[in-house]
Amino acid sequence: MQGNCDNLEDTELRLGLPGIDLTAAASKFNKRALTEDSEIERSSAKAQVVGWPPVRSNRRNGFHARRSEAAEVAGGGILVKVSMDGAPYLRKIDLKNYKGYKELRDSLEDMFKCFSFSLECESSEAEASSGTEYAIAYEDKEEDWMLAGDVPWEMFISSCRRLRIMKGFEAKGLASSP
Amino acid sequence: MKQIKWYACKNPKKNIFNPPSVLFHREASPSIRLLNSKTSPIPPPSSPLREVQFAMLGNGDCDDGNDDRCSLNTCGIAQPNSRPAAAASSLVGLPPPFFDQVLDNVLENVLCFLTSHRDRNAASLVCKSWFLAEAQTRLELFIGNCYAVSPARAIGRFRCIQSLVLKGKPRFADFNLIPLGWGARFSPWIAAMAPSYPSLQRICLKRMTVADADLVILATSFPSFRDLTLICCDGFTTAGLAAIAENCRQLRSLDLIENDVEDDDDDGVDWVSCFPPGKTCLESLVFDCVGCAVNLEALESLVARSPSLWRLRVNDYISVGRLFRLMARAPQLTHLGTGSFSSFDGEGDFRASLESAFMASKSLVCISGFRDLAPEYLPSIYPACANLISLNLSYALITTDQLKPVITRCHNLQTFWVLDSVLDEGLQMVAATCKNLRELRVFPLDATEDSEGSVSDVGLVAISEGCKKLQSILYFCQTMTNAAVVAMSNNCQDLVVFRLCIMGRHRPDHLTGEPMDEGFGAIVKNCKNLTRLAVSGLLTDKAFAYIGKYGKLVRTLSVAFAGNSDLGLRYVLEGCPKLQKLEIRDSPFGDTGLLSGIHHYYNMRFLWMSSCKVSVKGCKEVARRLPHMVVEVIRDRLEDDNSVAMEKLYMYRSLAGPRNDAPPFVKLL
């Protein structure tokens, strides 16, 4: 399922509704079943490791791009704010740092996982075992809120102005709107 | 009379603290030597009263007279001198009446000459009356870990503090290794200090979470407040800055350095307009990290009516069009942060005006900024280059050719920060011109592992050959050779800080294919003043053996993706007596290595280990054996499984015990 979003970069625009199941495509902040092996795998994989190289984010987050809107500048970064429902802090990220939706999801999961935990503790036992589902929504240039994952990645980063991590049931409302 | 256990113990490893005997040690700092001079009430070494001094110590008369707890009572604040007593064996029992010989007020008058907190910590351990006198006269409080001591306890001991330095999160928080909401909140501190320190003048916070409400309290509680410095903090917005600007009538410096100012850009408060009208006593205004626009007219007016202003660092919402006008208002500036250093759409060409401004600013010694550098404006700074001591181009994407006319004019440069876009050739130019260079930082334009290397061993060797007075270096590269690092160790013997970041994980010497052990080994061996070291590249346990063997002054060590086994960690923990801060990530060190440092952890500020091989069981063992350590496990999942390797360990000595503000993802063992 997770591979679908990256494949979207290759697809043409389609008429009609997208054929994918949106709740599955939306980000799941489940507890990852970490084994020792996968830990080693993660550290030796070519994928970007958190916090490495050790450069502060204000140095990473693009040169030439620090204005209020997520302005796209040639060669520069695209800064967007990310908020999560229930979290007291905003984060800023540079969309240019990610090559696709999967990387973006992983990074957001890392950044906000502490809040998914506090919600875990409060929820009932039944819910806790299945994990709490979240969706990533973004505000585009027309100030509409859309679910992330529909459009090809390049189109997404050029139109995205800010991101919001919302609870799964709210996201369903977005998905069903025309 | 009972003998102090720590004095009698000859084996330093067994001491919880090596007690200070700075008063009688020939190599003591100048302020301590003052106490030994003829003008002080402390008698010369040969007099019988000197033996009384030892007797007072022998009485165990520190704090409550409980030897074991004595040093620990100050451990949250103290960084004890580990030099052993000069005459440890000559403790003899002498009658107590000699205590009264050193009158309290005489003592206080002498102690006020002590300013270094290390010296003061040492003095406070001598005996109870010294402890009290020191506590009453200490003006500057330095707390390296905000969780090492509770606000109430610090305030209870030190009654008339004027200056506070408080540090919170460990450094790896800068690289997203610590989740949001971990802690280090300033709120409990400001709440406790507001009623207790009416004469507080200065606060410096590093990596703390500071709320706007905290800044409001700060602004309204201290009538003499002068200096606020926030470094790598978060949690506040321009609303908090407005409170400071409006209420701190004696404000001399407002220095915001690399903070995360959490504004919604559209709703930023016009804090610059909140400074009171009329002449201000502002000396330093640094706000390059504030991510929203400021009221330009208000800023210009503020600068114009601040005749004492010597440092101004603006954010990237200030274009060159505004910059030269600000410079014209403040020709006395010595430190300038230039903002975006480009012209915004439709503004025009300001090259002539800017160059005139730099020619007129004859006092400039430090220039930074260049956040959006438009290269055609760079020549404007040529007139100022000859006087520059410090130049920060690390946000400026410039080529070797663009650097050349700048750097070849900077003969007096001592501090230089730059992007690796200038390539090895650029560094060769630095080496050719900047013979007085003390500090160099080369940052990566493309901070990923598999990018094409821009600078290499060639640049490092060039710097080492040209800048022999180098004391501090931070160098990002893709690959390196042992030969280059060895060359630097031989050429730059004054190095105090050596931080080499080979961005490719586990990369060996690209010429020989060998690990980078020999290079780092040479650094610790040849650079006898080295106190801070960051290692990278392919490293075996041998590198750590070198560090343990030669790194006797190393206080801060950063390790990432290095080492083979627990031996590596053991070498360091057993070999480096001055080690204070140890941060390790993604290295194969486990419980055995962790436990090999039990003898030393009370002497350290903290230990960080993430993605290593330590287990919860090992951490629990440490917690059991060291009751004054706070052992935090920051987890990805909530199951309590002793045997599985865990994510993040952060532990530190503390007088306050486990903190009560830990979020759910932090488990305190």
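Taking an unreviewed UniProt entry as the reference, chain B is identified by name as F-box protein FBX14 belonging to Dendrobium catenatum. What UniProt records for chain B under Subunit (unreviewed entry) is the sentence "Part of a SCF (SKP1-cullin-F-box) protein ligase complex. May interact with auxin and auxin-responsive proteins." Comment text from UniProt for chain B, heading Subcellular location (unreviewed entry), reads "Nucleus".

Within an unreviewed UniProt entry, the label attached to chain A reads Auxin-responsive protein, and the organism entered is Dendrobium catenatum.

(A) Summary view of the overall build of chain A. Helix and strand content of chain A: 8 helices and 5 strands. Counting the 178 residues in chain A, one finds 43% classified as buried. Of the contacts formed within chain A by residues at least 6 apart in sequence, a portion of 58% connects residues at least 24 apart. Element-wise, carbon and sulfur atoms account for 51% of the exposed surface of chain A, whose accessible area totals about 9,600 Å².

(B) Representation of the overall build of chain B in the model. Scanning chain B for helices and strands turns up 24 helices and 21 strands. The buried share among the 669 residues of chain B stands at 59%. Contacts spanning at least 24 positions in sequence make up 72% of the contacts within chain B whose residues lie at least 6 apart. Within the structure as shown, chain B displays about 24,800 Å² of accessible surface, and the carbon and sulfur contribution to it stands at 52%.

(C) Region of the structure containing the environment of B:S464. Residues and elements named next belong to chain B. Inspection of the secondary structure assignment puts S464 in helix α18 (residues 457–466). Classification of S464 by relative accessible area gives buried; the value is 0%. Counting along the chain gives 105 residues from S464 to M359, while the straight-line C-alpha distance between them is 33 Å. Residues within four places of S464 in sequence aside, it is in contact with A487, M488, N491 and C492. Among the polar contacts listed, one links the side chain of S464 to the backbone oxygen of V461, at a separation of 2.7 Å.

(D) Representation of the packing of aromatic side chains in the model. Under the counting rule described, the total for this entry stands at 22 aromatic pairs over all chains. When the ring of B:F172 is compared with that of B:W608, the centres are 6.0 Å apart and the planes differ by 80°; the resulting orientation is edge-to-face. Of the two residues, B:F172 sits in the loop between β2 (163–167) and α9 (187–196) while B:W608 sits in strand β18 (residues 606–610), which places them 436 residues apart along the sequence. Taken together, the ring pairs in this structure connect B:Y147, B:F172, B:F175, B:W182, B:F606, B:W608, B:Y650 and B:Y652 into an aromatic cluster. The ring of B:F443 is capped by A:R59, whose NZ or CZ atom sits 3.7 Å from the centre of that ring. The ring centre of B:W182 lies 4.4 Å from the NZ or CZ of B:R659, which sits over that ring.

(E) Local environment of the UniProt feature "domain: Transport inhibitor response" (unreviewed entry) in chain B. Within this structure's numbering, the places UniProt gives as "domain: Transport inhibitor response" (unreviewed entry) are residues 160–205 of chain B. Between the first and last C-alpha atoms of residues 160–205 of chain B the distance is 19 Å; the span itself is 22% helix and 20% strand.

(F) Structural detail: the confidence of the model for chain B. Residues and elements named next belong to chain B. Here chain B averages 85 in pLDDT, and 83% of its residues register 70 or above. Per-residue pLDDT stays below 50 along residues 1–92; that stretch engages in 163 contacts with residues further than four places along the chain or on separate chains. For this predicted complex, the interface confidence comes out at an ipTM of 0.78, alongside a pTM of 0.73.

(G) Inspection of the state of the cysteines at higher detail. All names here are of chain B. Enumeration over the complete set of coordinates arrives at 0 disulfides over all chains. Unpaired in this structure, C248 has its nearest cysteine sulfur neighbour in C281, at a distance of 10 Å. C248 sits in the buried class, given a relative accessible area of 6%. Considering cysteine sulfurs only, C410 is the nearest to C366, which forms no disulfide, with 12 Å between them.

(H) Layout of unusual backbone geometry. Here the bond from A:W52 into A:P53 is cis, since omega is -5°, no more than 30 degrees from zero. As for its placement among the helices and strands, A:P53 is situated in the loop between α3 (36–44) and α4 (57–60). Of note, B:F370 is a non-glycine position whose phi angle comes to about 55°, a positive value. When you line up the elements, B:F370 lands in the loop between β9 (366–368) and α15 (382–385). Its identity as a non-glycine residue notwithstanding, B:F561 has a phi of 50°, on the positive side. In this fold, B:F561 is placed in the loop between β16 (556–560) and α22 (566–575). Note on B:F561: relative accessible area 3%, which makes it buried.

(I) Region of interest: the pairing of strand β1 (residues 140–143) of chain B. Residues and elements named next belong to chain B. Pairing of β1 with β2, which is carried by 4 bridges, proceeds in the parallel orientation. Residue I143 lies in a different strand from β2, and its bridge partner there is L166. Assessed by its sense of winding, the connection that carries the chain from β1 through helix α8 (residues 151–157) to β2 is right-handed.

(J) Summary view of the pattern of salt bridges. All names here are of chain B. A complete count under the given rule lists 29 salt bridges over all chains for this structure. In this structure, E439 and R441 form a salt bridge, with 2.9 Å as the shortest nitrogen-oxygen distance. For E439, a relative accessible area of 19% translates into the label buried. Beyond isolated ion pairs, a larger network of salt bridges with shared partners links E297, E300, R322, R325 and R329.

(K) Region of interest: the packing of helix α19 (residues 482–491) of chain B against helix α20 (residues 517–526) of chain B. Residue and element names in this part refer to chain B. Between α19 and α20, whose axes approach to 7 Å, the crossing angle comes to 5°. The orientation of α19 relative to α20 falls into the category roughly parallel. Packed against α19, whose contacting residues are N482, V485, V486, S489 and N490, the element α20 presents D517, E518, G519, F520, A522, I523 and N526 at the interface. When the residues that make up the contact of α19 with α20 are grouped by side-chain class, the tally is 5 nonpolar, 5 polar and 2 charged.

(L) Region of interest: the nonpolar core. Residues B:F186, B:W271, B:F287, B:F416 and B:F498 are the most contacted members of the largest nonpolar core, which totals 178 residues. With 5 residues, the top contributor of residues to this core is helix α11 (residues 238–247) of chain B. Apart from residues no more than four positions distant in its own chain, B:F416 is found in contact with B:L391, B:L393, B:L403, B:I407, B:V430, B:L437, B:E439, B:L440 and B:R441. A:F112, A:Y134, A:W153 and A:F156 belong to the second largest nonpolar core, which has 24 residues in total.

(M) Main features of the environment of B:V458. Residues and elements named next belong to chain B. Relative to the assigned elements, V458 resides in helix α18. For V458, a relative accessible area of 40% puts it in the partly exposed group. For the pair V458 and Q428, spaced 30 residues apart in sequence, the C-alpha to C-alpha distance is 8.5 Å. With near-sequence residues (within four places) excluded, V458 lies in contact with D424 and Q428.

(N) Here's a closer look at the side chain of B:T481. As for its position among the elements, B:T481 is in the loop between β13 (472–477) and α19. Residues contacting B:T481, with those up to four places away along its chain left out, are B:D457, B:D509, B:H510, B:L511 and B:M516.

(O) Up close: the pairing of strand β11 (residues 415–419) of chain B. Of all 5 residues making up β11(B), 5 are buried, and the element is well covered by its neighbours. The alternating pattern of β11(B) places B:T415, B:W417 and B:L419 and B:F416 and B:V418 on opposite faces, both of which are buried.

(P) Up close: the sheet that holds strand β1 (residues 79–84) of chain A. Residue and element names in this part refer to chain A. Taken in spatial order, the 5 strands line up as β2-β1-β5-β3-β4 in an open sheet, and their pairing is mixed. Strand pairing shows two members of the sheet lacking a second neighbour, β2 (91–94) and β4 (145–147), which therefore form its edges. The mean angle between the axes of side-by-side strands here comes to 35°, regardless of whether they run parallel or antiparallel. Across 4 bridges, the pairing between β1 and β2 is antiparallel. Paired with K81 across the strands is K92, a residue of β2.

Reading guide: rules and limits
Residues numbered from 1 in each chain as written. Chains lettered and ligands numbered in written order. Predicted model: local features only at pLDDT ≥ 70, side-chain atom pairs only at ≥ 80, totals over all residues. Heavy atoms only, no water. UniProt positions renumbered as here; feature names shortened; annotations may be inferred. Helix = DSSP H or I, 4+ residues; strand = E, 2+ residues; numbered from the N terminus. Buried < 20%, exposed > 50% of the residue type's maximum accessible area, 1.4 Å probe, protein only. Contact = heavy atoms within 4.5 Å. Areas by Shrake-Rupley, 256 points an atom, 1.4 Å probe, with all protein chains shown as cover. Polar contact = N/O pair within 3.5 Å; in protein donor to acceptor, adjacent residues only side chain to side chain. Phe/Tyr/Trp six-rings, centres within 6.5 Å; stacked < 30°, edge-to-face > 60°. Lys NZ or Arg CZ within 6 Å of the ring centre and 35° of its normal. pLDDT = per-residue confidence, 0-100. Disulfide = S-S within 2.5 Å. Pairing = 2+ DSSP bridges. Right-handed = clockwise from strand over helix to strand, strands pointing away. Salt bridge = Lys/Arg side-chain N within 4 Å of Asp/Glu carboxyl O. Axes fitted to C-alpha atoms, helices over the stretch in contact; angles between N-to-C directions. Parallel < 35°, antiparallel > 145°, perpendicular 65-115°, else oblique. Nonpolar A, V, L, I, M, F, W, Y, C, P; charged D, E, K, R; others polar. Core = buried A, V, L, I, M, F, W, Y, C linked by side-chain atoms within 4.5 Å.

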